[in-house]
Amino acid sequence: AVLAADADDRRLLLESSMELVGLGKDAPASVRVTDSPSPSVWRPAFGRTVQLTLWAQLGVLTRFWIDEGITSACYGGGVLGEDGGRGSCSTSAEDEVRSVLGIMVANMLGSFLMGFLTENKAHLVWFERPNMPVSFLPEDSWVQHHGDLLTGLRVGYCGCLTTFASWAAQMVRMLAEGKVGALVVVLLLETSSSLVSFVLGEHLAIRVHMAVSGVSHKHKRERERLWHQRAQNAVLAAMGREPEQGNQPAAISILRGNSGDEVWLVKGGSGAPEKYEARGPLVVTNSNLRPKPGGGGSGEDRGSDPPEEDEAPEVGPTKSQKRLILASNLVSALLLLALTSLWAAQLALDGSFTRRKCWLSVLIAPLGCFLRYLASMKLNNNNSGLLRGKLSWFPLGTFAINVSATVLSSASSALVRHYCLSSTLYPWFAIALRAFETGFNGSLSTVSTFAAEVSKYMVEYPRNFKGWIYVSTSFSVALFLGFCVYSWSAYIPQAC
């Protein structure tokens, strides 16, 4: 990759696989790619189905007991003990704070793990090779090739550990009770804590990778020097478009790549980073760029030119790594079968109202997780083509599932409140509705992906307001629709 050494444009780079990243709106459509892969179809393969189901169950299980452990005083009993017979928290200030903290801690942990596990390009700052789906692991690790496991961890565990629906439904109840000040505090506190947790996870992944790959302080000082000496290293600070000439395609030219500038090249394979000196203007043409297979964009965007015969093949897993991947999927399938049987047996035999909510939540969690995954694949990155023009960037999939889950959770909470459902009054109906909120809606919505998307868009400020538009739209629509379906229960006398 050719890496920019200008401090104002650190995100600009060309990967050795000819994938173009971070060129912004001026990049031609034929070579522009998104930050995350966008598969054209969703195929529920065996390995991916097993990993998503298993990690979705474990994510909801973790979230449930984090929330229950913090808010156990609300339910009148210990986490593992019998309930005191109350199906909801009291109205005391302490219980409200506990309820907020339970959701916030789960969202912070899930966002942190998402940042730690999500693919990012920050390792390229240290001139490492770009083929690293997980930044903190070595490039030759078999986990780097285990896409099913990574999807299970990110979409299944992190996505189900966090919940946008419970968070938004909590603010809907505050709004219905007239606690606008508390709503604003919870909104700012949980949004900032989730974003900070995601960034901390990203930074920790980079630090771990630096330790694993042996990046020393000497290397760090040299690279910091390259970043900050703008006068000597303003190579890729600005890019523009050259017009088409005859039958030659339009070119992308580096406007400030002058003679004497330093250029770092990170080559594929086992080659070490090398430093070059520019002897004249640097120009990259479209014909010299080939989008990385699977790197996003439609088939139309990738062009129809066949690959050159001397191009290096894609580096895939070795035979031993393929065996490890297959073995991990089989072990995960056996573990999933055993745990699902255990959850079902506990649901039938356990006499605790709280624990039965947990077991049923875990069993139905994969349904919400798969719907979220499907919606993200179909609607994010504008794969559906529903949004056009300046709104094509908007992550419609994440937005739709978060808003929908908030509305469903608000409706469920309204029924529980109006009919006073608890462990003593219609217990199984109360268990089903609470499990629907925690298991299905909690897994259908996500804060970890929401935090990752907001973090990505906020980096582009002040060039645009994508991050602020996404945040404000998500919360305003979710709170408005949630309030519409919940408010009747706050103003109509309870049926009990």
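Check the entry above for the structure.
Keep in mind that this is a model prediction, so the values were computed, not measured. (Residues numbered from 1 in each chain as written. Predicted model: local features only at pLDDT ≥ 70, side-chain atom pairs only at ≥ 80, totals over all residues. Heavy atoms only, no water.)

1. What about the overall build of the protein?
- Per the secondary structure count, the protein includes 13 helices and eight strands.
- The buried share of the protein, taken over its 496 residues, is 48%.
- Long-range contacts, defined here as pairs at least 24 residues apart, represent 73% of the contacts in the protein between residues at least 6 apart.
- With an accessible surface of roughly 23600 Å², the protein has 62% of that area assigned to carbon and sulfur atoms. (Helix = DSSP H or I, 4+ residues; strand = E, 2+ residues; numbered from the N terminus. Buried < 20%, exposed > 50% of the residue type's maximum accessible area, 1.4 Å probe, protein only. Contact = heavy atoms within 4.5 Å. Areas by Shrake-Rupley, 256 points an atom, 1.4 Å probe, with all protein chains shown as cover.)

2. Observations regarding the nonpolar core
- Among the nonpolar cores identified, the biggest contains 30 residues, and Leu52, Leu61, Trp343, Cys358, Trp359, Val362 and Cys369 are the most heavily contacted of them.
- Looking at this core, the elements with two or more residues in it are helix 1 (46–71), helix 3 (147–161), helix 8 (319–349), helix 9 (353–379) and helix 11 (427–444).
- At ten residues, the largest contribution of residues to this core is made by helix 9.
- Residues within four places of Leu61 in sequence aside, it is in contact with Trp343, Cys358, Trp359 and Val362.
- Of all hydrophobic cores here, the second largest spans 28 residues; its members include Ala176, Leu183, Leu387 and Phe394. (Core = buried A, V, L, I, M, F, W, Y, C linked by side-chain atoms within 4.5 Å.)

3. Brief notes about the packing of helix 1 against helix 3
- Here helix 1 crosses helix 3 at 25°, and the two axes come no closer than 7 Å. By the angle between their directions, the pair helix 1 and helix 3 is classed as roughly parallel. The handedness of the crossing between helix 1 and helix 3 comes out as right-handed. Across from Gly47, Arg48, Gln51, Leu52, Trp55, Ala56, Leu58, Gly59, Val60, Thr62, Arg63 and Ile66 in helix 1, the residues of helix 3 making contact are Gly147, Asp148, Leu149, Thr151, Gly152, Leu153, Val155, Gly156, Tyr157, Cys160 and Leu161.
- Partitioned by chemical class, the residues of the contact of helix 1 with helix 3 number twelve nonpolar, eight polar and three charged. (Axes fitted to C-alpha atoms, helices over the stretch in contact; angles between N-to-C directions. Parallel < 35°, antiparallel > 145°, perpendicular 65-115°, else oblique. Left-handed = near helix turned anticlockwise from the far one by under 90°. Nonpolar A, V, L, I, M, F, W, Y, C, P; charged D, E, K, R; others polar.)

4. Quick notes on the packing of aromatic side chains
- Under the defined criterion, the tally for this structure stands at 18 aromatic pairs.
- Ring centres of Phe116 and Phe136 lie 4.3 Å apart, and the angle between their planes is 20°; this geometry places the pair in the stacked category. Residue Phe116 is located in helix 2 (residues 93–117), and its partner Phe136 is located in the loop between helix 2 and helix 3; the two are separated by 20 residues in the primary sequence. Of the two residues examined, Phe116 and Phe136, each falls in the buried class.
- Among the aromatic residues, those joined into a cluster by ring pairs are Phe164, Trp167, Trp393, Phe394, Phe399, Phe450, Tyr457, Tyr470 and Phe475. (Phe/Tyr/Trp six-rings, centres within 6.5 Å; stacked < 30°, edge-to-face > 60°.)

5. Re the pattern of salt bridges
- Scanning all chains against the criterion turns up five salt bridges.
- Lys179 is paired through a salt bridge with Glu177; the nearest N and O atoms lie 3.2 Å apart.
- Overall, the relative accessible area of 28% leaves Lys179 in the partly exposed class.
- Accessibility expressed as a relative area gives 41% for Glu177, which makes it partly exposed. (Salt bridge = Lys/Arg side-chain N within 4 Å of Asp/Glu carboxyl O.)

6. Some points on the environment of Leu109
- Looking at the element boundaries, Leu109 is found in helix 2.
- Exposure remark for Leu109: the relative accessible area of 33% places this residue in the partly exposed category.
- Each C-alpha atom of the pair Leu109 and Thr162 lies 7.9 Å from the other, and the pair is 53 residues apart in sequence.

7. Here's the deal with the environment of Ala165
- Checked against the element boundaries, Ala165 lands in helix 4 (residues 164–176).
- Sequence spacing of Ala165 and Leu408 is 243 residues, and the spatial spacing of their C-alpha atoms is 8.3 Å.
- The residues touching Ala165, leaving out its near neighbours within four places in the chain, are Ala405, Thr406, Ser409, Asn441 and Ser445.

Read these as geometric descriptors, not functional statements.
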